[in-house]
Amino acid sequence: MLKISMNRICMMGCPMDVASMEETVKHIAQSISERRFTQHVVVNVAKVVNMRKDAALDQSVRECDIINIDGMGVVLGARSLGHNVPERVAGVDLFHNLLAMSAEKGFSVFLLGAEESIVAETSLRVQALYPGLDVAGCHHGYFWDDEETVVNQIRESGARLLFVAITSPKKENFINRWKDQLGVDFVMGVGGTFDVVAGKVKRAPVWMQRYGLEWLYRVIQEPRRMWKRYLVTNSQFAWLLLKEWITQKLG
(Lines give C-alpha, C1' and ligand atoms only; values in the text may rest on other atoms or scores of the structure.)
Protein backbone atom coordinates (compact mmCIF):
# COMPACT_ATOMS: atom_id res chain seq x y z
CA MET A 1 0.00 0.00 0.00
CA LEU A 2 1.28 3.46 -0.93
CA LYS A 3 2.17 5.49 2.16
CA ILE A 4 0.41 8.84 2.35
CA SER A 5 3.05 11.49 3.05
CA MET A 6 2.69 14.63 5.17
CA ASN A 7 4.37 17.91 4.21
CA ARG A 8 6.24 19.19 7.28
CA ILE A 9 7.19 22.84 7.62
CA CYS A 10 8.76 24.87 10.43
CA MET A 11 7.39 28.19 11.64
CA MET A 12 8.73 30.12 14.64
CA GLY A 13 10.82 27.07 15.43
CA CYS A 14 7.74 24.85 15.67
CA PRO A 15 7.34 21.89 13.28
CA MET A 16 3.92 21.59 11.63
CA ASP A 17 2.35 19.32 9.03
CA VAL A 18 0.54 20.93 6.11
CA ALA A 19 -2.45 18.75 5.26
CA SER A 20 -6.18 18.86 4.73
CA MET A 21 -8.65 17.09 7.01
CA GLU A 22 -9.20 14.40 4.39
CA GLU A 23 -5.47 13.78 3.96
CA THR A 24 -4.97 13.60 7.72
CA VAL A 25 -7.78 11.07 8.27
CA LYS A 26 -6.54 8.89 5.39
CA HIS A 27 -2.98 8.99 6.73
CA ILE A 28 -4.11 7.97 10.21
CA ALA A 29 -6.42 5.22 8.93
CA GLN A 30 -3.59 3.76 6.86
CA SER A 31 -1.18 3.85 9.80
CA ILE A 32 -3.67 2.10 12.09
CA SER A 33 -4.39 -0.55 9.44
CA GLU A 34 -0.66 -1.21 9.17
CA ARG A 35 -0.23 -1.22 12.96
CA ARG A 36 2.17 1.74 12.81
CA PHE A 37 1.98 3.74 16.03
CA THR A 38 1.06 7.40 15.51
CA GLN A 39 1.39 10.11 18.14
CA HIS A 40 -0.68 13.13 17.14
CA VAL A 41 -0.97 16.72 18.31
CA VAL A 42 -2.55 19.95 17.10
CA VAL A 43 -0.91 23.35 17.50
CA ASN A 44 -2.59 26.71 17.91
CA VAL A 45 -1.37 30.20 18.81
CA ALA A 46 -1.15 29.48 22.55
CA LYS A 47 0.75 26.22 22.08
CA VAL A 48 3.27 27.73 19.66
CA VAL A 49 3.95 30.52 22.17
CA ASN A 50 4.07 28.24 25.21
CA MET A 51 6.45 25.78 23.56
CA ARG A 52 9.11 28.48 23.57
CA LYS A 53 9.17 28.63 27.38
CA ASP A 54 8.13 25.07 28.32
CA ALA A 55 10.86 22.57 27.42
CA ALA A 56 8.76 19.51 28.30
CA LEU A 57 5.86 20.66 26.12
CA ASP A 58 8.27 21.51 23.31
CA GLN A 59 9.74 18.01 23.40
CA SER A 60 6.31 16.34 23.60
CA VAL A 61 5.14 18.20 20.50
CA ARG A 62 8.35 17.62 18.52
CA GLU A 63 8.20 13.87 19.10
CA CYS A 64 4.76 13.60 17.50
CA ASP A 65 4.35 11.86 14.14
CA ILE A 66 1.61 14.25 13.01
CA ILE A 67 1.43 17.91 14.04
CA ASN A 68 -1.74 19.41 12.58
CA ILE A 69 -2.43 23.14 12.48
CA ASP A 70 -5.58 23.84 14.49
CA GLY A 71 -5.75 27.58 15.19
CA MET A 72 -6.71 29.94 12.35
CA GLY A 73 -4.11 32.38 13.67
CA VAL A 74 -1.41 29.83 12.86
CA VAL A 75 -2.98 29.04 9.47
CA LEU A 76 -3.05 32.73 8.49
CA GLY A 77 0.43 33.28 9.90
CA ALA A 78 1.83 30.37 7.89
CA ARG A 79 0.16 31.62 4.73
CA SER A 80 1.64 35.10 5.25
CA LEU A 81 5.08 33.45 5.28
CA GLY A 82 4.41 31.71 1.98
CA HIS A 83 3.33 28.27 3.18
CA ASN A 84 0.46 26.72 1.24
CA VAL A 85 -1.79 25.66 4.13
CA PRO A 86 -5.08 24.37 2.65
CA GLU A 87 -7.22 24.59 5.77
CA ARG A 88 -7.36 24.40 9.52
CA VAL A 89 -7.57 20.87 10.96
CA ALA A 90 -9.45 21.48 14.21
CA GLY A 91 -8.97 18.87 16.92
CA VAL A 92 -12.69 18.55 17.67
CA ASP A 93 -13.52 18.04 13.98
CA LEU A 94 -10.72 15.52 13.55
CA PHE A 95 -12.05 13.65 16.60
CA HIS A 96 -15.44 13.25 14.95
CA ASN A 97 -13.93 12.26 11.61
CA LEU A 98 -11.79 9.62 13.28
CA LEU A 99 -14.76 8.22 15.19
CA ALA A 100 -16.70 7.89 11.93
CA MET A 101 -13.71 6.19 10.32
CA SER A 102 -13.30 3.86 13.32
CA ALA A 103 -16.96 2.83 13.24
CA GLU A 104 -16.64 2.06 9.53
CA LYS A 105 -13.42 0.07 9.84
CA GLY A 106 -14.13 -1.63 13.16
CA PHE A 107 -11.37 0.10 15.16
CA SER A 108 -12.08 0.30 18.89
CA VAL A 109 -11.47 3.52 20.84
CA PHE A 110 -10.72 4.55 24.43
CA LEU A 111 -11.90 7.87 25.88
CA LEU A 112 -9.74 9.39 28.61
CA GLY A 113 -10.33 12.70 30.38
CA ALA A 114 -12.83 15.24 31.75
CA GLU A 115 -15.11 14.55 34.72
CA GLU A 116 -16.48 11.04 35.20
CA SER A 117 -20.03 12.06 34.29
CA ILE A 118 -18.80 13.95 31.20
CA VAL A 119 -16.72 11.11 29.75
CA ALA A 120 -19.57 8.66 30.41
CA GLU A 121 -22.03 10.93 28.60
CA THR A 122 -19.55 11.42 25.77
CA SER A 123 -19.26 7.66 25.37
CA LEU A 124 -23.04 7.29 25.08
CA ARG A 125 -23.39 10.17 22.63
CA VAL A 126 -20.61 9.12 20.25
CA GLN A 127 -21.99 5.58 20.11
CA ALA A 128 -25.38 7.04 19.18
CA LEU A 129 -23.78 9.35 16.58
CA TYR A 130 -21.66 6.60 15.02
CA PRO A 131 -23.55 3.27 15.02
CA GLY A 132 -21.21 0.33 15.34
CA LEU A 133 -18.51 2.32 17.13
CA ASP A 134 -16.74 0.13 19.70
CA VAL A 135 -15.85 2.13 22.82
CA ALA A 136 -13.44 -0.27 24.51
CA GLY A 137 -13.31 1.81 27.68
CA CYS A 138 -13.37 5.23 29.26
CA HIS A 139 -11.87 6.90 32.33
CA HIS A 140 -12.03 10.37 33.87
CA GLY A 141 -9.06 12.72 33.73
CA TYR A 142 -8.27 12.93 37.44
CA PHE A 143 -5.85 10.08 37.92
CA TRP A 144 -2.50 11.76 38.52
CA ASP A 145 -1.80 9.87 41.75
CA ASP A 146 -1.84 6.55 39.86
CA GLU A 147 -1.07 7.03 36.18
CA GLU A 148 0.28 3.52 35.69
CA THR A 149 -3.03 1.88 36.65
CA VAL A 150 -4.86 3.94 34.03
CA VAL A 151 -2.21 3.16 31.42
CA ASN A 152 -2.62 -0.55 32.19
CA GLN A 153 -6.40 -0.21 31.81
CA ILE A 154 -5.99 1.40 28.40
CA ARG A 155 -3.57 -1.29 27.22
CA GLU A 156 -5.74 -4.15 28.51
CA SER A 157 -8.83 -2.70 26.79
CA GLY A 158 -7.38 -3.56 23.39
CA ALA A 159 -8.34 -0.15 22.00
CA ARG A 160 -6.73 0.89 18.71
CA LEU A 161 -7.25 4.66 19.20
CA LEU A 162 -6.93 6.74 22.38
CA PHE A 163 -8.38 10.23 22.79
CA VAL A 164 -7.10 12.27 25.74
CA ALA A 165 -9.35 15.14 26.84
CA ILE A 166 -7.10 16.89 29.34
CA THR A 167 -5.73 20.44 29.38
CA SER A 168 -2.41 21.44 27.84
CA PRO A 169 0.43 20.74 28.59
CA LYS A 170 -0.67 17.84 30.82
CA LYS A 171 -2.13 15.80 27.97
CA GLU A 172 0.85 16.21 25.64
CA ASN A 173 3.32 15.29 28.38
CA PHE A 174 1.21 12.35 29.60
CA ILE A 175 1.01 10.94 26.08
CA ASN A 176 4.73 11.37 25.46
CA ARG A 177 5.64 9.88 28.84
CA TRP A 178 3.56 6.72 28.42
CA LYS A 179 3.35 6.26 24.62
CA ASP A 180 5.38 3.04 24.59
CA GLN A 181 3.11 1.38 27.16
CA LEU A 182 -0.36 2.44 25.99
CA GLY A 183 -0.74 -0.44 23.54
CA VAL A 184 -2.74 1.63 21.04
CA ASP A 185 -1.99 2.38 17.40
CA PHE A 186 -3.01 6.03 17.55
CA VAL A 187 -3.21 8.63 20.31
CA MET A 188 -4.17 12.30 20.28
CA GLY A 189 -5.06 14.99 22.77
CA VAL A 190 -8.49 16.54 22.29
CA GLY A 191 -8.56 19.18 25.05
CA GLY A 192 -12.09 20.21 25.99
CA THR A 193 -13.78 18.17 23.25
CA PHE A 194 -15.65 15.87 25.64
CA ASP A 195 -17.25 18.90 27.33
CA VAL A 196 -18.56 20.00 23.92
CA VAL A 197 -19.78 16.54 22.89
CA ALA A 198 -21.50 15.99 26.25
CA GLY A 199 -23.27 19.36 25.99
CA LYS A 200 -21.56 21.02 28.94
CA VAL A 201 -19.91 23.69 26.78
CA LYS A 202 -21.16 25.23 23.54
CA ARG A 203 -18.85 25.52 20.56
CA ALA A 204 -18.58 28.82 18.73
CA PRO A 205 -20.96 29.38 15.79
CA VAL A 206 -19.68 28.10 12.44
CA TRP A 207 -19.09 31.61 11.10
CA MET A 208 -16.80 32.38 14.06
CA GLN A 209 -14.93 29.11 13.51
CA ARG A 210 -14.49 29.97 9.83
CA TYR A 211 -12.95 33.35 10.61
CA GLY A 212 -10.73 32.11 13.43
CA LEU A 213 -12.75 33.78 16.19
CA GLU A 214 -13.33 30.82 18.49
CA TRP A 215 -10.93 32.44 20.96
CA LEU A 216 -13.22 35.51 21.09
CA TYR A 217 -16.23 33.28 21.73
CA ARG A 218 -14.41 31.71 24.67
CA VAL A 219 -13.54 35.15 26.04
CA ILE A 220 -17.21 36.15 25.83
CA GLN A 221 -18.20 32.94 27.65
CA GLU A 222 -15.54 33.25 30.38
CA PRO A 223 -14.22 36.85 30.31
CA ARG A 224 -12.55 36.86 33.73
CA ARG A 225 -10.58 33.68 33.09
CA MET A 226 -9.79 34.04 29.39
CA TRP A 227 -9.21 37.68 28.45
CA LYS A 228 -5.69 37.95 29.86
CA ARG A 229 -4.62 34.57 28.48
CA TYR A 230 -5.62 35.42 24.93
CA LEU A 231 -4.38 39.00 25.10
CA VAL A 232 -0.91 37.85 26.17
CA THR A 233 -0.53 34.85 23.85
CA ASN A 234 -2.05 36.59 20.80
CA SER A 235 0.23 39.59 21.30
CA GLN A 236 3.31 37.41 21.70
CA PHE A 237 2.39 35.39 18.61
CA ALA A 238 1.89 38.55 16.53
CA TRP A 239 5.33 39.82 17.57
CA LEU A 240 7.00 36.48 16.79
CA LEU A 241 5.27 36.36 13.41
CA LEU A 242 6.37 39.90 12.56
CA LYS A 243 9.99 39.06 13.44
CA GLU A 244 9.92 35.92 11.28
CA TRP A 245 8.30 37.81 8.39
CA ILE A 246 10.99 40.54 8.56
CA THR A 247 13.77 37.93 8.77
CA GLN A 248 12.33 36.13 5.76
CA LYS A 249 12.09 39.30 3.69
CA LEU A 250 15.61 40.48 4.61
CA GLY A 251 17.07 37.00 4.09
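Keep in mind that this is a model prediction, so the values were computed, not measured.

Trainee: Explain the pairing of strand β1 (residues 7-11) to me, and be specific about the residues and the numbers.
Mentor: When β1 meets strand β2 (residues 14-18), the two strands line up antiparallel, connected through five bridges. Note that in β2 the partner of Asn7 across the bridge is Val18.

Trainee: If you had to explain the environment of Phe237 to someone new, which residues and values would you point to?
Mentor: Position of Phe237 relative to the elements: it lies in helix α12 (residues 223-250). We classify Phe237 as buried; its relative accessible area is 6%. Residues Phe237 and Gly73, spaced 164 residues apart in sequence, show a C-alpha to C-alpha distance of 8.7 Å. Leaving out residues up to four positions away in the same chain, Phe237 has contacts with Met11, Met12, Val45, Val48, Val49, Gly73 and Val74.

Trainee: Could you give me a rundown of the packing of aromatic side chains, with the residues and numbers involved?
Mentor: This structure, assessed with the given rule, holds seven aromatic pairs. Taking the centre distance of 5.3 Å and the plane angle of 70° together, the rings of Phe143 and Phe174 count as edge-to-face. Placement of the pair is Phe143 in the loop between β6 (134-139) and α7 (147-157) and Phe174 in helix α8 (residues 170-178), with a sequence separation of 31 residues. Pair check on accessibility: Phe143 and Phe174 agree, each one buried. Ring pairs connect the aromatic residues Phe95, Phe163, Phe186 and Phe194, which therefore count as one cluster.

Trainee: Explain unusual backbone geometry to me, using residue names and the numbers behind them.
Mentor: With an omega of 5°, the peptide bond running from Ser168 to Pro169 counts as cis. The phi torsion at Met12 lies on the positive side, around 60°, for a residue other than glycine. Mapped onto the elements, Met12 comes out in the loop between β1 and β2. One non-glycine residue, Arg35, adopts positive backbone phi at about 60°. Arg35 gets classed as exposed once you look at its relative accessible area, which sits at 54%.

Trainee: Describe the environment of Gly158, and please don't skip the residues or the numbers.
Mentor: Locating Gly158 in the fold gives a position in the loop between α7 and β7 (161-165). We classify Gly158 as partly exposed; its relative accessible area is 41%. As for Gly158 and Phe110, which are separated by 48 residues in sequence, their C-alpha atoms are 8.8 Å apart.

Trainee: Just give me the short version of the packing of α7 against α8, but keep the residues and values in it.
Mentor: Two elements in contact, α7 and α8, have axes whose closest approach is 12 Å; the angle formed by their N-to-C orientations is 70°. Taken as axis vectors, α7 and α8 run roughly perpendicular relative to one another. When the axes of α7 and α8 are compared, the crossing they make is right-handed. Residue-level contacts link Glu147, Glu148 and Val151 of α7 to Phe174, Arg177 and Trp178 of α8.

Trainee: Outline α7, supporting the account with residue identities and numerical values.
Mentor: Burial in α7 covers these residues: Glu147, Val150, Val151 and Ile154. Here the buried residues of α7 occupy an arc of 100° about the axis, which is enough to place them on one side. A positive backbone phi angle near 80° is found at Gly158, which sits one or two residues after α7.

Trainee: Just give me the short version of the environment of Ile69, but keep the residues and values in it.
Mentor: Looking at the element boundaries, Ile69 is found in strand β4 (residues 66-69). By relative accessible area, Ile69 is classed as buried at 2%. Separated by 20 residues in the primary sequence, Ile69 and Val89 place their C-alpha atoms 5.8 Å from one another.

Trainee: Give a detailed account of the nonpolar core, specifying residues and quantitative values.
Mentor: Residues Phe95, Leu98, Leu111, Val126, Phe163 and Phe194 are the most contacted members of the largest nonpolar core, which totals 34 residues. Every element with two or more residues in this core is listed here: α1 (21-33), α5 (91-105), β5 (108-113), α6 (116-129), β7, β8 (186-189) and α9 (193-197). The biggest single contributor to this core is α5, with six residues. With residues up to four places along the chain from it excluded, the contact list for Phe163 reads Phe95, Leu98, Leu99, Val109, Phe110, Leu111, Leu112, Phe186, Met188, Val190 and Phe194. Ile9, Met11, Val18 and Ala78 belong to the second-largest nonpolar core, a separate cluster that totals 26 residues.

Trainee: I'd love a proper account of the packing of helix α4 (residues 72-80) against α12, names of residues and values included.
Mentor: Their axes nearest at 10 Å, the elements α4 and α12 cross at an angle of 15°. Between α4 and α12, the angle is such that the two are roughly parallel. The way α4 lies across α12 gives a crossing that is right-handed. Together, Gly73, Val74, Gly77 and Ser80 of α4 and Phe237, Leu241 and Trp245 of α12 make up the contact between the two elements.

Calculation notes
- Residues numbered from 1 in each chain as written.
- Predicted model: local features only at pLDDT ≥ 70, side-chain atom pairs only at ≥ 80, totals over all residues.
- Heavy atoms only, no water.
- Pairing = 2+ DSSP bridges.
- Helix = DSSP H or I, 4+ residues; strand = E, 2+ residues; numbered from the N terminus.
- Buried < 20%, exposed > 50% of the residue type's maximum accessible area, 1.4 Å probe, protein only.
- Contact = heavy atoms within 4.5 Å.
- Phe/Tyr/Trp six-rings, centres within 6.5 Å; stacked < 30°, edge-to-face > 60°.
- Axes fitted to C-alpha atoms, helices over the stretch in contact; angles between N-to-C directions.
- Parallel < 35°, antiparallel > 145°, perpendicular 65-115°, else oblique.
- Left-handed = near helix turned anticlockwise from the far one by under 90°.
- Arc of directions from axis to C-beta.
- Core = buried A, V, L, I, M, F, W, Y, C linked by side-chain atoms within 4.5 Å.

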